[in-house]
Amino acid sequence: MKHYIIAKFIEGTDVKALAGPVKKIFDETLAIPGVHGVDVKLSNSDRANRFDIMIIMDMDREALPAYDAFQPHIRWKTEYGNVIAKKAIFDCDD
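It should be emphasised that the depicted structure is a prediction, and the values quoted were computed from it without experimental measurement.

Asker: Explain the side chain of D52 here, please?
Answerer: Inspection of the secondary structure assignment puts D52 in the loop between β2 (35–42) and β3 (53–59). Within the buried set, D52 has no salt-bridge partner at all; the shortest N-O distance to an opposite charge, 4.5 Å, is to K8. A polar atom in the side chain of D52 sits 2.7 Å from the backbone nitrogen of F9. Those residues in contact with D52 that sit more than four places away from it in its chain are A7, K8, F9, V15, K41, L42 and S43.

See the structure below:
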C-alpha cells in the first residue's frame, strides 16, 4: 500500500531546511519489515492554500502497526509536531 503524509507547516517555517532531516528520519523506517520505500517531496508552490511537504511510503499493510510504534515515527511527531499547522494521512492500495 501507499501511506501518504501531507503537511503544512506554520507560517515562517523554513521548509527547505527541514526536508533533509525529515527524509533522514523517514529513511530509518526502511528497517521495518514490510516498508519498501520512502520518498519526500516539497511543494513547488508557495501559495497560502498549498501544503508544504508530502511523505510517500511504500509498505505492506501489515507493517503499519510496527511503523506507528517505531521510534523514528514517534520522533517525527515530537520534533516536528509543533511546527505543523495541518496534516493529512491517506492510505491506499498501489
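Asker: Explain the sheet that holds strand β1 (residues 2–9) to me, please; I cannot follow it from the model alone.
Answerer: Pairing between the strands of a sheet is mediated by backbone hydrogen bonds and can be parallel or antiparallel. Ordered by their spatial adjacency, four strands build an open sheet running β2-β3-β1-β4, and the pairing between neighbours is antiparallel. Either end of the sheet is taken by a strand with one partner, and the two such strands are β2 and β4 (84–92). Neighbour-to-neighbour, the strand axes of this sheet turn through a mean angle of 15°, independent of strand direction. Bridge analysis of β1 against β4 gives eight bridges, and the strand direction is antiparallel. By the bridge assignment for β4, H3 is matched with D91. Seen against the sheet, helix α1 (residues 15–27) touches β1, β2 and β3 and runs at an angle of roughly 175° to β2.

Asker: I would appreciate a short explanation of the packing of aromatic side chains in the present structure.
Answerer: Geometrically, a pair of aromatic rings is defined through the distance of the ring centres and the angle of the planes. If you walk through the whole model with that rule in mind, you get three aromatic pairs. Note on Y4 and F90: the rings are 6.3 Å apart at their centroids and 50° apart in plane angle, and the pair reads as tilted. With Y4 in strand β1 and F90 in strand β4, this pair connects stretches of sequence that are 86 residues apart. Using a relative accessible area of 48% as the deciding quantity, one classes F90 as partly exposed. Taken together, F26, W76 and Y80 form an aromatic cluster joined through their ring pairs.

What counts and how
- Per chain, the residues get numbers from 1 upward, laid out in the order the sequence is written.
- With the structure being a predicted model, the display of local features is reserved for residues of pLDDT at least 70 and the display and counting of side-chain atom pairs for 80 or more, all residues being used for whole-chain, interface and lining totals.
- Note: side-chain values were computed over all heavy atoms of the structure, leaving out hydrogens and water.
- Note on conventions: DSSP H or I runs of at least 4 residues are helices, E runs of at least 2 residues are strands, and numbering of each starts at the N terminus.
- Think of it in three bands: with a 1.4 Å probe and only protein chains considered, a residue is buried below 20% of the maximum accessible area for its type, exposed above 50%, and partly exposed in between.
- When charges are counted, Lys and Arg are positive and Asp and Glu negative, with His and the chain ends excluded.
- A carboxyl oxygen of Asp or Glu within 4 Å of a side-chain nitrogen of Lys or Arg is what we treat as a salt bridge.
- Any N or O atom pair separated by 3.5 Å or less is treated as a polar contact, with the protein-specific requirement of one donor-capable and one acceptor-capable atom, and with residues adjacent in sequence counted only for side-chain atom pairs.
- By definition, residues are in contact when any of their heavy atoms lie within 4.5 Å.
- Whether two strands pair depends on DSSP finding at least two bridges between them.
- As a rule, the C-alpha atoms of each element are fitted with a line to give its axis, helices using only the stretch in contact, and angles between N-to-C directions run from 0 to 180 degrees.
- A pair of Phe, Tyr and Trp rings is counted when the ring centres sit within 6.5 Å of each other, with Trp represented by its six-membered ring. The angle between the planes then sorts it: under 30 degrees is stacked, over 60 is edge-to-face, the rest tilted.

Everything listed is a geometric property; what it means functionally is a separate question.
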